[in-house]
Each structure stands twice: as C-alpha cells, then as structure tokens.
Amino acid sequence: MPIRVRFAPSPTGDLHVGGARTALFNWLMARKTGGKFVLRVEDTDGARNTAEAAAGILKGMRWLGLDWDEGPEVGGDCGPYFQSQRKDIYDAYFKKLEDAGRVYAEENGAMRFKFSRTAITVHDLVCGDVTFAPTEEPDMTIRRPDGSYIFHFVNVVDDIEMRISHVIRGEDHLSNTWKHIDLFNAFGATPPTYAHIPLILNPDGTKMSKRDEGSAIEHSYMNAGFLPAAVFNYLCLLGWTPKAAGEKLSRQELVMLFDAEEIHSSNAKFDMKKALWFNAQYLRELNAEELLRLAKPFLTAKGLQWSDDAMAAAAVHSVREKVSLLTELPEWVHYFFREDFPFEADVVAKLKAKPENGGLLKAAADLLGQSTEWTEPSVHDAVEAAAKSFSVKPGAMMPLLRFALSGQSRGPGVTTIAHLIGKEKTLARIQRALGAALGE
Ligand code: GLU
C-alpha cells in the first residue's frame, strides 16, 4: 500500500510549534518513503475557523519548507482539501451508516452513531498497543440538527477518502482514537496505522500553549529572525533523537534518518536557548549572498539602504558569528550603511579621558590618507605605522579607529570596516569623530 500521510490543521489561529512539528514528522515520513504528504484543512467549525488562520498556517509551512503533494493551492485527486467544501461526500458516507443501521435520530434532530461497544486496540507506532475496554459512553452525535457533521466523523471519512495509510498526530487525540476505529470498522474500511506523538512542554513542565514563549511559528520564529533550516532541525528533536552523531542535521540527513518508531513516548521539553543555539550555528554557515538575502527584510525594516549588494553582503557576513538572530544584525551593521550613526556615550567618555587620543587618530588619518592601495593589509600597515610614530602598540590604536568608523566598541575587525566602507568614508569618519566626540 502506498504511504499517504496528512497534516490536518483546524484553522483557529496561528501555526504553533506543536502543529508545525506534527506537520514536520508527517512530511519526513512521506519524503523518507517516497509517499505522499497531503494537507487537509479541517474547517468545519464555521464559528471558530477563519480563512486568515488557514492562510497563516500555509505560510508557516511554506516558510519551513514543508511542501505538500496534495492540498490547497496544489490540488490533487482527493480534493477539495477544505472540509467546508466536502459536504456531499459526508452526506454520502452518512447514508452508508444509515443503510448499515448504525445511526439513529435524537429528539432534536441530531444523529447519533451506535458504538460497537467492543474492546478496541490501537496499535500505535509510538505508544505501543493501547486497548480501550467496551465503552460505557453514550452513543456519539455525528450530525448536528443543522446537518453539519462533527469532527470525529469528517476526520475519519476524509482519512478513508484520501486513502491515508498513517496518521501521525498529537497525543491529545489518542484517547478518542477508539471512536475513530469504531467508525472505520462501521464503514468496512481498514484503519490507518497510528503514531501519536508526545506533547511539547514548557521548560517548567507545564503544557505549552499558544501564549507561551516560542509557541507561534510566524511571531516567534519567522518575524524574530530565525532561519527556517534551524527551526526545522530544532523541531525534529522535540520528541525524536535521530540515531546519528550530533544533533545538527541537514534536511536531507533528517529525511534519511527518520523513523516514526523512534519517536519518544515521553513528553518533549521546549528550550528556547537551544533553538537560539541552533540558529546561531546555521547563521554562521551561510555564505555572504545568502545571508544578505535572508537579512534584507530585517535591515530594510530598520531603514537601512544600500546600492552595493557586494558590500552589504560582506558587511553582514563580517558579523555573522556575533549574532544568533537575523533581527540582531541591524545594530551590528547599521554604520556600514549611513554616515550619521551615533557614537556610544561610554566610548566617548573613555576617549575624552585620554588627551593623546586625538593626536593618534589624526596620525592614522594622515597615514591612511597617503595610502594609494586600499586593501585590508594596506589599511593595517598604515594603522601600524601611525601607532609606531606615537610609540604605542597597534592594539591601542584599533579601539580608537573602531570608534571613529562605527561609533561603537564592538564589531568586526577594524581593517574590515575600513576596507568595506572605502578610503573616502574612512577619512571623513575620522574627521567626524575628532570633531564630534573628541571636541577637536
Ligand atoms: N484537526 C485536528 C487537529 O487539528 C486533526 C486531528 C488529526 O490529525 O487527526 O487537531
């Protein structure tokens, strides 16, 4: 039987970490086995579902690189992929149960499904065999008086119609799975293989909810300067430990290694520090062009502009090891893009405390001004010569120059900054620093 898995979100709000990880495990299963990954929007609850939430979920999945083979925007043989558009199918399936004598009406017109009231065992890839004793619950309403169907019914009908072979979903659904199997049996259909994946907990052990730190994909990751590859990698480890050396694994490696049976049955703990660590690792591996492409929206959002892409790429690349998020980049590179950057107050105070600093900077400006070449080594030589003429070490000169060229006390190598902004701006910035900060 071909492997067909699905992600079936109810669009009540943002895509959050738990949903994204469910989608991810399904995607890995499909890609590992050469099967199909179906996206089905479970939007039968008109009061709680919104088109906006559905669009947000699709956007988050695309950002993570979780492409689907069938579903909204891509189509497929089993559509429509919005449950709100599948009423005819549900009516036909309802009829089957009616014909089999498995439904009856309540006084208010709602329709109930007669449970089999037998013991039902779920053979779960993650949780093992879970047996439910014959139920004593009242029969289940599957159709409301207004003709709309409830979740358990449409969920099962669609898994049959979409020929789903494996259902990987949150553990919160395990307790109802016997109802689903009862329905599959009533339809004469073989239930899929289930894998109920553990919950994600906050660091303090409470269940992670929509309001917790790091829970919303768009807000906490996309807009916060995470890289999709890093989030992808981190989410995989929430409940799964790939059998490999180390945790930092590429998308291809994760696909190769994925095995649903290795998913932990115990709950996973979310750790923002670890997510940030992953992001920092992925960030520093990007080449300059790729880093600029990803950083661009965050730089322009802060009003930074440039015409020379190569220079901008080199600028962000020069600080890649200093940051863990793309959102931190503007504060580290803003002076590459503007001449009116502010000077940090404590640095100004430190420089003013030493009267010889002005002379040192002037000497540097003189020697740099004489340079005919403008490479990192030539800038370095000129700075060294200026330092020598004052009998100070180049190490004493560098912080001064860094301050003049960037207004701050930390950043990439000073020669890198000078080289990237060019000779003219380097000299002008030294003059500005002398005037504005050192009062000369
Ligand atoms: N719409 C359900 C949910 O979002 C899907 C459950 C399932 O995957 O079967 O929880």
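Check the entry above for the structure.
Residues numbered from 1 in each chain as written. Predicted model: local features only at pLDDT ≥ 70, side-chain atom pairs only at ≥ 80, totals over all residues. Heavy atoms only, no water.

A. Broad picture of the overall build of the protein. Regarding its fold elements, the protein presents 18 helices and 11 strands. Taken over the C-alpha trace, the protein has a radius of gyration of 30 Å; the compact-globule value for 440 residues is 22 Å, which it surpasses by more than 25%. With respect to the three principal axes, the spread of C-alpha positions in the protein is 100 × 45 × 40 Å. Sequence separation of at least 24 residues holds for 72% of the intrachain contacts in the protein that already meet a minimum separation of 6. Total accessible area computed for the protein in this model is approximately 20,000 Å², and 51% of it derives from carbon and sulfur atoms. Taken together, the 51 basic and 58 acidic charged side chains of the protein have centroids lying 2 Å from each other. (Helix = DSSP H or I, 4+ residues; strand = E, 2+ residues; numbered from the N terminus. Rg over C-alpha atoms; globule rule 2.2 N^0.38 Å. Contact = heavy atoms within 4.5 Å. Areas by Shrake-Rupley, 256 points an atom, 1.4 Å probe, with all protein chains shown as cover. Lys, Arg positive; Asp, Glu negative; His and termini not counted. Charge placed at Lys NZ, Arg CZ, Asp CG, Glu CD.)

B. The arrangement of the pairing of strand 9 (residues 193–197) in detail. Counting buried residues along strand 9, 4 of its 5 residues qualify, which places the element largely inside the surrounding structure. In this sheet, strand 9 lies alongside strand 8 (residues 166–170) in parallel orientation, the contact comprising 5 bridges. For Arg169, the partnering residue across the bridge sits in strand 9 and is His196. Viewed along the sheet, the connection from strand 8 through helix 5 (residues 177–186) into strand 9 turns out right-handed. (Buried < 20%, exposed > 50% of the residue type's maximum accessible area, 1.4 Å probe, protein only. Pairing = 2+ DSSP bridges. Right-handed = clockwise from strand over helix to strand, strands pointing away.)

C. Spatial organisation of the packing of helix 16 (residues 394–406) against helix 17 (residues 414–421). Remark: helix 16 packs on helix 17, axes separated minimally by 9 Å, with the N-to-C direction vectors making an angle of 35 degrees. Crossing hand, helix 16 versus helix 17: left-handed. Residue-level contacts link Met398, Leu401, Arg402, Leu405 and Ser406 of helix 16 to Val414, Thr415, Ile417, Ala418 and Ile421 of helix 17. Residues that form the contact of helix 16 with helix 17 fall into these classes: 7 nonpolar, 2 polar and 1 charged. (Axes fitted to C-alpha atoms, helices over the stretch in contact; angles between N-to-C directions. Left-handed = near helix turned anticlockwise from the far one by under 90°. Nonpolar A, V, L, I, M, F, W, Y, C, P; charged D, E, K, R; others polar.)

D. Inspection of the pattern of salt bridges at higher detail. Under the defined criterion, the tally for this structure stands at 23 salt bridges. In this structure, Arg410 engages Glu331 in a salt bridge whose closest nitrogen and oxygen atoms are separated by 3.2 Å. Of this pair, Arg410 sits in the loop between helix 16 and helix 17 while Glu331 sits in helix 12 (residues 329–333); the two residues are 79 residues apart in sequence, bridging distant segments of the chain. Between Arg338 and Asp340 there is a salt bridge, with its nearest N and O atoms 3.0 Å apart. Looking at Asp340, the relative accessible area reads 52%, which means it is exposed. Through salt bridges with shared partners, a single network forms among Arg6, Arg40, Glu42, Arg86, Asp158 and Asp159. (Salt bridge = Lys/Arg side-chain N within 4 Å of Asp/Glu carboxyl O.)

E. Representation of the side chain of Arg402 within the structure. Here Arg402 shows up in helix 16. Of the side chains with opposite charge, Glu344 lies nearest to the buried Arg402, which makes no salt bridge, at 9.3 Å. Among residues more than four places away in sequence, those in contact with Arg402 are Gly407, Gln408, Ser409, Arg410, Gly411, Pro412, Gly413, Val414 and Ile417.

F. Focus on unusual backbone geometry. Residue Gly79 is joined to Pro80 through a cis peptide bond whose omega torsion reads -5 degrees. Backbone geometry places Glu73, a non-glycine residue, at a positive phi of 75 degrees. Here Glu73 shows up in the loop between helix 2 (51–64) and helix 3 (87–99). Despite not being glycine, Arg117 has its phi angle at roughly 55 degrees, a positive value. Along the chain, the position of Arg117 falls in the loop between strand 4 (111–113) and strand 5 (120–124). Given the relative accessible area of 34%, Arg117 is considered partly exposed.

G. Highlighting helix 10 (residues 288–301). For helix 10, which comprises 14 residues, the first-to-last C-alpha distance of 19 Å matches the rise-based estimate of 20 Å (1.5 Å per residue) to within 8%. Along helix 10, the largest kink reaches about 50 degrees and is centred on Ala295; proline Pro297 follows within four residues of it. Considered for burial, the residues of helix 10 that qualify are Ala288, Leu291, Leu292, Leu294, Ala295, Phe298 and Leu299. Where helix 10 is buried, its residues contact helix 6 (217–222), helix 9 (272–285), helix 11 (309–318) and helix 12. (Expected span 1.5 Å × (residues − 1). Bend = angle between axes of the 7 residues up to and from the residue.)

H. Geometry of the packing of aromatic side chains. Evaluation of the coordinates by the stated rule reveals 19 aromatic pairs. Aromatic side chains Trp306 and Phe337 sit 5.2 Å apart centroid to centroid with 45 degrees between the ring planes, which places their arrangement in the tilted category. Here Trp306, found in the loop between helix 10 and helix 11, pairs with Phe337, found in the loop between helix 12 and helix 13 (345–352); they are 31 residues apart in sequence, far enough to count as distant. Look at Phe337 and you get buried, because its relative accessible area is 14%. Following the ring pairs from residue to residue traces out a cluster consisting of Tyr90, Tyr93, Phe94, Tyr149, Phe153 and Phe187. (Phe/Tyr/Trp six-rings, centres within 6.5 Å; stacked < 30°, edge-to-face > 60°.)

I. Summary view of the side chain of Arg102. If you trace the backbone, Arg102 turns up in the loop between helix 3 and strand 3 (103–105). Of note is the side chain of Arg102, whose polar atom sits 2.7 Å from the backbone oxygen of Lys114. In this structure, Arg102 is in contact with Leu97, Arg112, Phe113, Lys114, Phe115, Ser116, Asp182 and Ala186, ignoring residues within four places of it in sequence. (Polar contact = N/O pair within 3.5 Å; in protein donor to acceptor, adjacent residues only side chain to side chain.)

J. Local environment of the nonpolar core. If you look at the biggest cluster of nonpolar residues, it comprises 115 residues, and the most contacted ones within it are Leu28, Met61 and Phe336. Sort the elements by how many residues they give to this core and helix 1 (residues 17–33) lands first, with 9 residues. Of all hydrophobic cores here, the second largest spans 35 residues; its members include Val38, Leu97, Val103 and Phe132. (Core = buried A, V, L, I, M, F, W, Y, C linked by side-chain atoms within 4.5 Å.)

K. Region of the structure containing the site of the ligand. Around the ligand, the structure places Arg6, Ala8, Pro9, Ser10, Glu42, Phe151, Asn155, Arg169 and His173. Side-chain polar atom of Glu42 to a nitrogen atom of the ligand: 2.6 Å apart, as the coordinates give it. A distance of 2.8 Å separates an oxygen atom of the ligand from a polar side-chain atom of Arg169. Out of a free accessible area of 300 Å², the ligand has 81% covered by protein chains. Residue composition of the shell around the ligand, grouped by class: 3 nonpolar, 3 polar and 3 charged. (Near = heavy atom within 4 Å.)

L. Expanded view of the sheet that holds strand 7 (residues 140–143). Strand order across the open sheet formed by 3 strands is 3-4-7, with antiparallel pairing between neighbours. At either end of the open sheet lies a strand with only one pairing partner, and these are strand 3 and strand 7. Averaged over all pairs of adjacent strands, the angle between strand axes in this sheet comes to 40 degrees, irrespective of strand direction. Across 3 bridges, the pairing between strand 3 and strand 4 is antiparallel. Within strand 4, the residue paired with Val103 across the bridge is Phe113.

Interpretation note: all reported values are geometric properties and have no functional meaning in isolation.
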